[in-house]
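Now for the letters of each chain:
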Amino acid sequence: MAVEQTLVLIKPDGLVKSLTGNILSRLSETKLVIIASRVLTVSRELAEEHYAHLKDKPFFDELVHYLMGDLHHTHRVMALVYQGEGAIAKVRQIVGHTNPEEADPVSVRGAYGRITTTGVFENVVHASSSTEDAEKEIKLWFKPDEVVGDIYPTREIVITSVNERVWA
Ligand code: UDP
Ligand code: MG
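Procedures and definitions
Residues numbered from 1 in each chain as written. Chains lettered and ligands numbered in written order. Predicted model: local features only at pLDDT ≥ 70, side-chain atom pairs only at ≥ 80, totals over all residues. Heavy atoms only, no water. Near = heavy atom within 4 Å. Polar contact = N/O pair within 3.5 Å; in protein donor to acceptor, adjacent residues only side chain to side chain. Areas by Shrake-Rupley, 256 points an atom, 1.4 Å probe, with all protein chains shown as cover. Nonpolar A, V, L, I, M, F, W, Y, C, P; charged D, E, K, R; others polar. Phe/Tyr/Trp six-rings, centres within 6.5 Å; stacked < 30°, edge-to-face > 60°. Lys NZ or Arg CZ within 6 Å of the ring centre and 35° of its normal. Pairing = 2+ DSSP bridges. Helix = DSSP H or I, 4+ residues; strand = E, 2+ residues; numbered from the N terminus. Axes fitted to C-alpha atoms, helices over the stretch in contact; angles between N-to-C directions. Contact = heavy atoms within 4.5 Å. Salt bridge = Lys/Arg side-chain N within 4 Å of Asp/Glu carboxyl O. Buried < 20%, exposed > 50% of the residue type's maximum accessible area, 1.4 Å probe, protein only.

J.: Break down the site of ligand 1 for me, citing the residues and quoting the values.
T.: If you check the shell around ligand 1, you find Lys11, Tyr51, His53, Leu54, Phe59, Leu63, Arg92, Thr98, Arg109, Val120, Phe121 and Asn123 and nothing else. In the environment of ligand 1, an oxygen atom lies 2.5 Å from a nitrogen or oxygen atom belonging to the side chain of Thr98. Measuring from an oxygen atom of ligand 1, one finds a side-chain N or O atom of Arg109 at 2.9 Å. Expressed as a share of its isolated accessible area of 500 Å², the protein-covered part of ligand 1 is 83%. Within the shell around ligand 1, the residues separate by chemical class into 6 nonpolar, 3 polar and 3 charged.

Pasting the structure below:
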């Protein structure tokens, strides 16, 4: 089996419901290695880019608001990269089917997901579904130096003038 990387997001419902520990424990069953993690506020641009493949769906706008945290009165998502043999399938197995009602009840989505009255699947976690998606998603959510190891080729650029926020 090939060594793969996969992006996991604990979506705002997972954080608000205090499921972080449970989800990380379930994922640790895979014996995969965490090579990156961050907690962040998701911008509209990031949410729209992450779900760009669904932009023509009727639920796209609500999905973007969901990932931004607007439905859960929080503005946090936890992003992680897991690495190891068959990482994509191993994580998807534990995460479960996209629709929480169709998901195995012992999967994360089966146990904790729900469908909103407007029909959006609040399914607690995201997990990449192919190596192509994983690469695109990891590059979207992390910079090279935020990931342990050289997983994809990088290049150096010279930045002459930057405004950076520092602690006051
Ligand atoms: N989604 C939804 N209704 C659908 C399909 C998708 O609400 O009919 C949401 C759901 O939150 C899902 C996300 O859109 O996790 C991304 O959809 P995708 O088809 O990529 O499923 P995933 O890879 O997350 O299982
Ligand atoms: Mg997907």
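J.: So, the packing of aromatic side chains: which residues are in play, and what are the values?
T.: For the structure on display, the rule yields 0 aromatic pairs. In this structure, Lys139 packs its charged tip against the face of Tyr152, placed 5.1 Å from the ring centre.

J.: Residues and numbers for the sheet that holds strand 3 (residues 77-85), please.
T.: With antiparallel pairing, the 4 strands of this open sheet are ordered in space as 2-3-1-6. The open sheet terminates on both sides in strands that have one partner only, identified here as strand 2 (33-40) and strand 6 (125-127). If you compare each strand with its neighbour and ignore which way they point, the axes differ by 15° on average. Of the pairings in the sheet, the one linking strand 2 to strand 3 comprises 7 bridges and is antiparallel in character. Across the sheet, the residue bridging to Ala36 is Val81, located in strand 3. Across the sheet, helix 7 (residues 131-141) lies against strand 1 (3-10), strand 2, strand 3 and strand 6, angled at about 55° from strand 1, the strand it touches most.

J.: Before we move on, could you go through the pattern of salt bridges and cite the residues and values that matter?
T.: One pass over the full model with this rule turns up 5 salt bridges. The partner of Glu29 in a salt bridge is Arg26, and the shortest N-O contact between them spans 2.9 Å. For Asp61, the salt bridge identified is with Arg44, shortest N-O distance 3.9 Å. Here Asp61 is found in helix 4 (residues 60-68), whereas its partner Arg44 is found in helix 3 (residues 44-50), with 17 residues between them in sequence. Classification of Arg44 by relative accessible area gives partly exposed; the value is 32%. When salt bridges with common partners are traced through the structure, they connect Arg44, Glu48 and Asp61 into a single cluster.

J.: Account for unusual backbone geometry, with residues named and values stated.
T.: The phi torsion at Ser18 lies on the positive side, around 55°, for a residue other than glycine. Examined against the element boundaries, Ser18 turns out to sit in the loop between helix 1 (12-16) and helix 2 (20-28). Positioned with a positive phi, His73 is a non-glycine residue whose angle comes to about 50°. Note on placement: His73 falls in the loop between helix 4 and strand 3.

Function cannot be inferred from these measures alone, as they are strictly geometric.
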